[in-house]
Amino acid sequence: MKKFFLTGLIVSGLIGSMTVTGQEAVYKLPPKEIQDIALAKMPPTVSISEDGKWLLLLDRAPFLTVEELAQPEYKLAGTRVNGLFGPSRREGYSGAKLLEVKTKKEFEIKGLPANVNILSADWSPESTHLTLTVKGKDGYYLWIVAVADCQAKQLSKRRLNLTGGGGFRGGGSIWLSETSLIVQTVPAGLGAMPTGSPVPSGPVIQTSDGKARPARTYQDLLKNPYDEKLFDYLFTSQLVKITPEGETEISKPAIYSQVSISPDNKYLLTTVIEKPYSYIVPMSSFPQTTAIMTVEGKPVKELLKRPMTADIMGYDVASPFPRQFGWRPDKPSTLYWTEALDGGDPRKNPQPFLDAVYQLPAPFDADKQLVTKTEFRCMGVQWCDDAFALVREISRRTRRSKTYSFSPSDPQKERSLVFDVSTDDGYADPGMPVTVRNTFKRSVIYTNKDHSELLMRAQGASPEGDMPYLSNYNLKTKKNTILWRCQAPYYETIVDIIDPAKLLFITSKQSTEEPVNYYLRDAKKKSSQPVALTAFPNPYPQLEGMKVEKMQYKRADGVDLTATLYTPPGYDKTRDGRLPVLMWAYPREYRSADDAAQVRGSKYQFTTINYGSPVYWVTRGYAVMNNVEMPIVGSEGVEPNDNFINQLTMNAEAAAKAIYDSGVGDTSRLAVGGHSYGAFMTANLMTHTKLFKAGIARSGAYNRTLTPFGFQAETRTYWEAPEVYHAMSPFNYANQLSGALLLVHGDADNNTGTFPIQSERLYAALQGHGGITRLVMLPYESHAYSAQENILHLLYESDAWLEKYCKNAKK
């Protein structure tokens, strides 16, 4: 076993004097109570068969190790892959079982390799088989499982190529029948990986031709000709048809970003990445060709040859080229897509309708046919048949979402408005129409014969929190009739509707005391009780008795806020007194105070603890306020971020007052933390307020001038709103740090905007002004952390910081 060390710039004041040091540290472990929770065995991931008769139970693999993260990784064209033609940093699954819904019996899947590593799974259309993508020593292979005998076997000796995605939902394959598939493979005879010289043949040169091409601060881009060779090698794949009779190559090797099959299984829609490549944008912006070919590989029609594109900044902008290509699920082989009618930018070419949806049926030799037009940007179409479909359109500028019904066979017929809601208004969210599989085994809207009613499943946001429901929505009267709803004290969601006519469906059900388990419900029988399908145990028995409650309070300007409060098992505020408090949050932007004030989430959810959760510190005697609402509210003519710091401060002050007024929290011992934009929030609170003794900021961005073409929901550039970028950058206020700030960052962060240099430069600024701070760089970690050693050390660092600077802080 190789030995790895943690590197980073560290202020040694955590355990000794305040001498500034840079050092390499050995990994350390957090207290046992935290470690036991972090390494707890979690329930399996569940996948439901297409016919609803089986549950696939996938055992979650343990964390990756640093040694695994240290394996060669190729950062190319905005993505990261390994040398096995697959995604890097994927944990996978360590085992699989089948559970029969009718009998509740479990069956082991036989024939899989020892110590199997399953990347993904996919059910066949009739649910008689399923495929498993299995990682081998030299690549990924497709295995097939016959449900009848639960026997697995390797389908082909060809390696899969999973680097480009290609639109394959099951890990590199598309079902043609119950035993035949089209598979995306590593081309035969590909040869060895290209090698490159460390000595360059010349400089790398980028040239601007005078046209504006703004771009986000992408990472992992191509850097030189050698990267281009690696990109070609690792991302090129070949489509192969595998049937019981044998294997047939049906395409030339290419870099596929999309492959989808027509409902009648006769045609393939493909998008292929073309040269020249770019060093300033990711592969999604490279030139590409979208075309149709037969499943035998015969070219049929080229649909679009799109050149290199750049980011399009601003509200409601879109690509000037045709987009959102797909197959109508209710037709054998009819293609549809969206086109911008305003050239993609409503500011330059205002139009009454921004988008149009077109279609083209086989044999694809006629003119395109108009299907419908949209006032806002088209977000997608849900199809039923020639007489009925739904189109959803959104305006980012006004934050409105509209859904219209229309007749696909009669584009001149007036559309009918079905829903018109704010995208921020969870209370008014109608949910999504229930779908059913048609004769093509594709999902279409489930409705009655005259298309006057929809069966809707919704999250059920309300002042009481999320209470999911199933309803019947009458399109003529606009009346919504609840057929079934989650009941307190449980949080229960519909995960699969087996028979919409019989209202038979499977739910996941949980409470604050009971972990997620799956149930079969018959909503037609009002008095019937749900039938338990699984009985997964509580992975955290040591937290039994932990109290969870939804706090509701107001900030100074009257905006209603919420937070979820966790207190230790057996805690009594009268007997035990006030506790140190850890707040954890992530700011969000809203257009109205009413929308910002809505209650989000459910107070009845079971607490699932991942590596980034603050709930660990309940075991250490803290009151934990999680999901503390930090709304940043705009108004007519005023962008939310124009008043960011003031609103952020009001949010934090309101939370501090609420926890003090509850009698639980000691506001002389407050800590705050967050990840990514939550880390950015933390640094701002630590430099603009004196509320907090300690802060934990993980993988954040602290100098907004390094993200000059926008960030989060901010669409203005630095040059359009320099005062906003300056005011929101805690780096600019490093001399005002109040309290002790722990900075943590993965040294291989791939997220747009959160380059590791963001934490390095903030640390340098804080240290230069005598601030109490510590920077921990986690080896090989990306924006989300993966390795067990790094995660446990992260928890150690966080715990030690909170113990010294919050719990035991000088008052």
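For the structure, see preceding data.
Residues numbered from 1 in each chain as written. Predicted model: local features only at pLDDT ≥ 70, side-chain atom pairs only at ≥ 80, totals over all residues. Heavy atoms only, no water.

**Some thoughts on the sheet that holds strand β32 (residues 453–458)**
In any sheet, the strands associate via hydrogen bonds between backbone groups, in a parallel or an antiparallel arrangement. In spatial order, the strands read β29-β32-β33-β34; together these four strands make up an open sheet with antiparallel pairing. Across the chains shown, the open sheet's two edge strands, defined by having one partner strand only, are β29 (432–433) and β34 (480–485). Two strands pair when backbone bridges link them, and strand β33 (residues 469–474) and β34 are joined in this way by five bridges, in the antiparallel orientation. Across the sheet, residue Leu 470 finds its bridge partner in β34, namely Trp 484. (Pairing = 2+ DSSP bridges. Helix = DSSP H or I, 4+ residues; strand = E, 2+ residues; numbered from the N terminus.)

**So, the packing of helix α6 (residues 644–661) against helix α7 (residues 677–688)**
In contact at an axis separation of 10 Å, α6 and α7 are set at 85 degrees when each is read in the N-to-C sense. In terms of orientation, α6 lies roughly perpendicular with respect to α7. Taking contact as the criterion, the partners of Phe 644, Ile 645, Leu 648, Thr 649 and Ala 652 in α6 are, on α7, Tyr 677, Phe 680, Met 681, Asn 684, Leu 685 and His 688. (Axes fitted to C-alpha atoms, helices over the stretch in contact; angles between N-to-C directions. Parallel < 35°, antiparallel > 145°, perpendicular 65-115°, else oblique. Contact = heavy atoms within 4.5 Å.)

**Quick look at the packing of aromatic side chains**
Counted by the stated rule, this structure contains 25 aromatic pairs. A ring pair is formed by Phe 231 and Phe 286, whose centres lie 5.8 Å apart and whose planes are at 80 degrees; its orientation type is edge-to-face. Taken together, the residues span a long stretch of sequence, with Phe 231 in helix α3 (residues 225–235) and Phe 286 in the loop between β18 (267–273) and β19 (288–294) at a distance of 55 residues. For Phe 231, a relative accessible area of 0% translates into the label buried. A relative accessible area of 0% means that Phe 286 is categorised as buried. Ring plane angle 70 degrees and centroid distance 5.0 Å describe the contact between Tyr 336 and Trp 383, whose orientation is recorded as edge-to-face. Within this pair, whereas Tyr 336 is found in strand β22 (residues 334–340), its partner Trp 383 is found in strand β25 (residues 377–385), the two being separated by 47 residues in sequence. (Phe/Tyr/Trp six-rings, centres within 6.5 Å; stacked < 30°, edge-to-face > 60°. Buried < 20%, exposed > 50% of the residue type's maximum accessible area, 1.4 Å probe, protein only.)

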